[in-house]
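Topology and contacts: notes
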Amino acid sequence: MTDPVLVVAGAVLAGHRMLVAQRDYPEEVAGLWELPGGKVETGESPAEALVRELCEELDVVVSVGAALHDAVRPKPGLTLIAMRAEIVSGTPRALEHRAVRWVDSAELAALVEAGRMVPNDLGWAQEMVAELRTK
Ligand code: C5P
């Protein structure tokens with residue numbers, strides 16, 4: 001059996017906006033938007049993995065806050081969690097994605113409505129639509 005995989009994604013927040021990143025691969029999700037992140041490696045905490053991944057993918061240093069409400073289990077052996085984060089230094093740029101953009105509550109809701117978020121991230125997107133509306 002293969003080892004269980006844990007993926008951590010970042011709800012990167014600045015004021016009333018959140019960062020979303022447009023996937024470049026694989027084909028099924030290319031062009032769709034996600035909360036950026038990646039696999040937690042052996043010996044790392046989820047927060048450490050998120051700091052590393054967002055540095056690799058976006059060229060920023062983040063501080064990591066509380067987890068979002070729901071974990072996602074798209075298939076056996078794969079769990080995704082998301083954590084709030086704030087940029088400590090750097091300006092995000094798409095090193096591994098097609099593009100990055102900041103969205104407010106209405107813009108994030110529009111991405112969800114248009115089917116332009118990756119399916120795994122829909123629950124988190126809904127949670128953040130509600131949270132960003134309060135900011
Ligand atoms: O980004 P990466 O390819 O390393 O992600 C690992 C796995 O987690 C992939 O299956 C990807 O589709 C999934 N993922 C996701 N939502 C995210 C980040 C990753 O479904 N926000």
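So, how was this worked out
Residues numbered from 1 in each chain as written. Predicted model: local features only at pLDDT ≥ 70, side-chain atom pairs only at ≥ 80, totals over all residues. Heavy atoms only, no water. Helix = DSSP H or I, 4+ residues; strand = E, 2+ residues; numbered from the N terminus. 1 Å grid on protein atoms, 1.4 Å probe; cavity = no way out; pocket = protein on both sides within 12 Å on 5 of 7 lines; lining within 4 Å. Points joined across faces, edges and corners; volume = space filled by probe spheres on them. Nonpolar A, V, L, I, M, F, W, Y, C, P; charged D, E, K, R; others polar. pLDDT = per-residue confidence, 0-100. Near = heavy atom within 4 Å. Polar contact = N/O pair within 3.5 Å; in protein donor to acceptor, adjacent residues only side chain to side chain. Areas by Shrake-Rupley, 256 points an atom, 1.4 Å probe, with all protein chains shown as cover. Phe/Tyr/Trp six-rings, centres within 6.5 Å; stacked < 30°, edge-to-face > 60°. Lys NZ or Arg CZ within 6 Å of the ring centre and 35° of its normal. Buried < 20%, exposed > 50% of the residue type's maximum accessible area, 1.4 Å probe, protein only. Contact = heavy atoms within 4.5 Å.

1. Examining the environment of Gly123
Position of Gly123 among the secondary structure elements: in helix α3 (residues 122-133). Taking the C-alpha atoms as reference points, Gly123 and Ala71, separated by 52 residues in sequence, lie 9.2 Å from one another.

2. Remarks on the layout of surface pockets
The probe, sized like a water molecule, is rolled over the atoms to show the empty space still left. One number sums up the size of the largest pocket: a volume of about 750 Å³. Lining the largest pocket are 30 residues, and of these Val7, Arg23, Glu34, Leu80 and Asn120 lie nearest its centre. Among the elements of the structure, β1 (5-14), β4 (37-39), α1 (46-58), β6 (72-75) and β7 (78-89) are those that each provide at least two residues to the lining of the largest pocket. Residue composition of the lining of the largest pocket, by class: 15 nonpolar, five polar and 10 charged.

3. Brief notes about the confidence of the model for the protein chain
Per-residue confidence for the protein chain averages 97 on the pLDDT scale, and 99% of its residues sit at or above 70. When mean pLDDT is taken per element in the protein chain, strand β2 (residues 17-22) scores highest with 99 and β6 scores lowest with 96. What the predictor reports for the complex is a pTM of 0.96 with an ipTM of 0.89.

4. Details of the site of the ligand
Residues in close proximity to the ligand include Val7, Ala9, Arg23, Glu34, Leu35, Gly37, Leu80, Asn120 and Asp121, which together make up its full environment. Within the side chain of Arg23, one N or O atom sits 3.2 Å away from an oxygen atom of the ligand. One of the backbone nitrogen or oxygen atoms of Leu35 is found 2.6 Å away from a nitrogen atom of the ligand. Out of a free accessible area of 450 Å², the ligand has 79% covered by protein chains.

5. Comments concerning the packing of aromatic side chains
Per the stated rule, a full pass over the model turns up zero aromatic pairs. Sitting above the plane of the Tyr25 ring, Arg23 keeps its charged end 5.0 Å from the centroid. A cation sits over an aromatic face here: Arg101 above Trp33, 5.7 Å from the ring centre.

6. Points about the environment of Ala71
Relative to the elements of secondary structure, Ala71 occurs in the loop between β5 (61-67) and β6. Using a relative accessible area of 37% as the deciding quantity, one classes Ala71 as partly exposed. Remark: the alpha-carbon pair of Ala71 and Val8, spanning 63 residues in sequence, is separated by 9.6 Å. Not counting residues within four places of it along the chain, the set of residues in contact with Ala71 comprises Thr79, Leu80 and Ile81.

7. Notes on the environment of Trp124
Locating Trp124 in the fold gives a position in helix α3. Residues Trp124 and His97, 27 residues apart in the sequence, show an inter-C-alpha distance of 19 Å. Non-local contacts of Trp124, meaning those with residues more than four positions away in its chain, are made with Ala9, Leu35, Leu68, Asp70, Val72, Leu80, Ile81 and Ala82.

8. Topic: unusual backbone geometry
Residues apart from glycine generally show negative phi values, whereas peptide bonds are mostly found in trans. For the bond running from Tyr25 to Pro26, omega is -15°, close enough to zero to count as cis. Along the chain, Pro26 turns up in the loop between β2 and β3 (33-34). Unusually for a residue other than glycine, Asp59 sits at a positive phi of about 65°. Within the secondary structure layout, Asp59 lies in the loop between α1 and β5. Classification of Asp59 by relative accessible area gives partly exposed; the value is 34%.

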